[in-house]
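Residue-level listing of the chains:
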Amino acid sequence: MTMQLSTTAKITWCPGCPNNAILVAFRKAVTELVESGVVKEENVVACAGIGCHAKILDYLNMNTFNALHGRAIPPAVGMKAANPNLSVFVFSGDGDSYSEGFNHLVHAAQRNDDINVMIHDNQIFALTTGQSTPTSPKGHKGGARPSGSIEEPIDPLRLMLTAGATFVARSYAGEIEKTKEIIKAAHAHKGFSFIEIAQPCITFFDTRDFFKDNIVWLPEDHPKGDRRAAYEATQREDGKVPMGIFYHVTQPTFEEQL
Ligand code: SF4
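These numbers come from a predicted model, not from an experiment.

Engineer: Please set out the overall build of the protein residue by residue, giving values where relevant.
Structural biologist: On a plain count of helices and strands, the protein comes out with 9 helices and 10 strands. The globule rule puts the C-alpha radius of gyration for 258 residues at 18 Å, and the 17 Å found for the protein is close to it. Seen along its three principal axes, the alpha-carbon backbone of the protein occupies a region of about 50 × 45 × 30 Å. Buried positions account for 53% of the 258 residues belonging to the protein. Accessible surface, the protein as shown: approximately 11700 Å² in total, 53% of it carbon and sulfur. For the protein, the separation between the mean place of its 24 positive charges and that of its 29 negative charges on side chains is 2 Å.

Engineer: An account of the environment of D113 is needed here, citing residue identities and associated values.
Structural biologist: Take D113: it is sitting in the loop between α4 (102-111) and β4 (116-121). Separated by 141 residues in the primary sequence, D113 and F254 place their C-alpha atoms 5.1 Å from one another. Residues within four places of D113 in sequence aside, it is in contact with V77, H107, A108, G191, F192, F254 and E255.

Engineer: Before we move on, could you go through the nonpolar core and cite the residues and values that matter?
Structural biologist: In terms of nonpolar packing, the biggest core is built from 38 residues, with F26, I56, F91, M118 and I195 touching the most fellow members. Of all the secondary structure elements, the ones that give two or more residues to this core are α1 (19-35), β1 (44-48), β3 (87-93), β7 (167-172), α6 (176-188) and β8 (193-198). Among the elements that line this core, the one with the most residues is α1, at 7 residues. Those residues in contact with F91 that lie beyond four places of it in its chain are F26, A46, C47, A48, G49, H53, I56, L57, L60, A72, M118 and H120. Counting 31 residues, the second-largest nonpolar core is a separate cluster that includes M79, L86, I115 and F192.

Engineer: Describe the sheet that holds strand β2 (residues 63-66), with residues and values.
Structural biologist: Whether parallel or antiparallel, the strands of a sheet pair through hydrogen bonds between backbone atoms. With mixed pairing, 8 strands are arranged side by side in an open sheet as β2-β1-β3-β4-β8-β7-β10-β9. Lying at the two open borders of the sheet, with one neighbouring strand each, are β2 and β9 (215-217). If you compare each strand with its neighbour and ignore which way they point, the axes differ by 20° on average. The pairing of β3 with β4 spans 5 bridges and is parallel. Across the sheet, residue F89 finds its bridge partner in β4, namely N116.

Definitions and limits used
By convention here, each chain's residues receive numbers from 1 onward along its written sequence. Two thresholds apply to this predicted model, a pLDDT of at least 70 for residue-level local features and 80 or more for giving and counting side-chain atom pairs, whereas whole-chain, interface and lining totals are computed over all residues. In computing side-chain properties, one takes all heavy atoms of the structure into account and sets aside hydrogens as well as water. By definition, any uninterrupted DSSP run of H or I lasting at least four residues is a helix, any uninterrupted run of E lasting at least two residues is a strand, and each is numbered from the N terminus. The globule rule is 2.2 Å times the number of residues to the power 0.38, and the radius of gyration it is compared with is taken over C-alpha atoms. Three exposure classes are used, based on accessible area relative to the maximum for each residue type with a 1.4 Å probe and protein chains only: buried under 20%, partly exposed in between, and exposed over 50%. The Shrake-Rupley method, run with a 1.4 Å probe, gives the accessible areas here. Residue values count only the displayed protein chains as cover. Residues scored as positive are Lys and Arg, those scored as negative are Asp and Glu, and His as well as the terminal groups of each chain are ignored. Think of each charge as sitting on NZ of Lys, CZ of Arg, CG of Asp or CD of Glu. Throughout, a contact is declared for two residues whenever any of their heavy atoms are within 4.5 Å. Only buried Ala, Val, Leu, Ile, Met, Phe, Trp, Tyr and Cys residues count toward a nonpolar core, and they belong to the same one when joined by side-chain atoms within 4.5 Å. Any two strands with at least two DSSP-identified bridges between them are counted as paired. Note on definitions: angles span 0 to 180 degrees between N-to-C directions of axes, and those axes are lines fitted to C-alpha atoms, for helices only across the stretch in contact.

Have a look at this one:
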């Protein structure tokens, strides 16, 4: 029997929002994991924080938990520690986990919690109409800062590599098949998996044209076990945005050592 992961909830994302593509990629990944016998449907759970990303839980017919703003990760950590048989996925946003709850992201990476974190990074607080976040480009003009932000953006991948994440990847929402494969690879990884998903907000910060021209996928022979090589590979001199699996190593997980 084919798995049914959709719900009857009305989709309230803006028409054409790339969050829809992330939803499709995730449904496909989970369906393939369940139908191939890798996981049991009842052992899959997803958490989310607050933001446009979090609506995804309404459209997933599975075990879910909607946490407070910036707090998608703590319940995921607790679930996995209490029941290591679970496959735990976390949806969060750049406003949710790079701004409001960044400490949780850093410490989950440090502990090597065996959870899979996906950040829908649209480089703004979209649900509250477009204020700057830590990944907004310098000069970004939002309602709260009409003259433009003055900070340089953070590099989440480099921060995660420094914090100790054992699986670090980036994908693009519009690349559904590639995102699905990265989600499955993250799930296969035992330990903390971090996936940054570039997700344009077509209403408040439409970066689709930029990504159409500037995505570069890592070569097949990228050395995934080399943290320094991963660090170097996250940025390019020509301003293009590298994507793929940057880093993947096996280390004892928090749950194994608990
Ligand atoms: Fe998507 Fe932006 Fe609309 Fe939110 S505001 S649903 S991120 S297009």
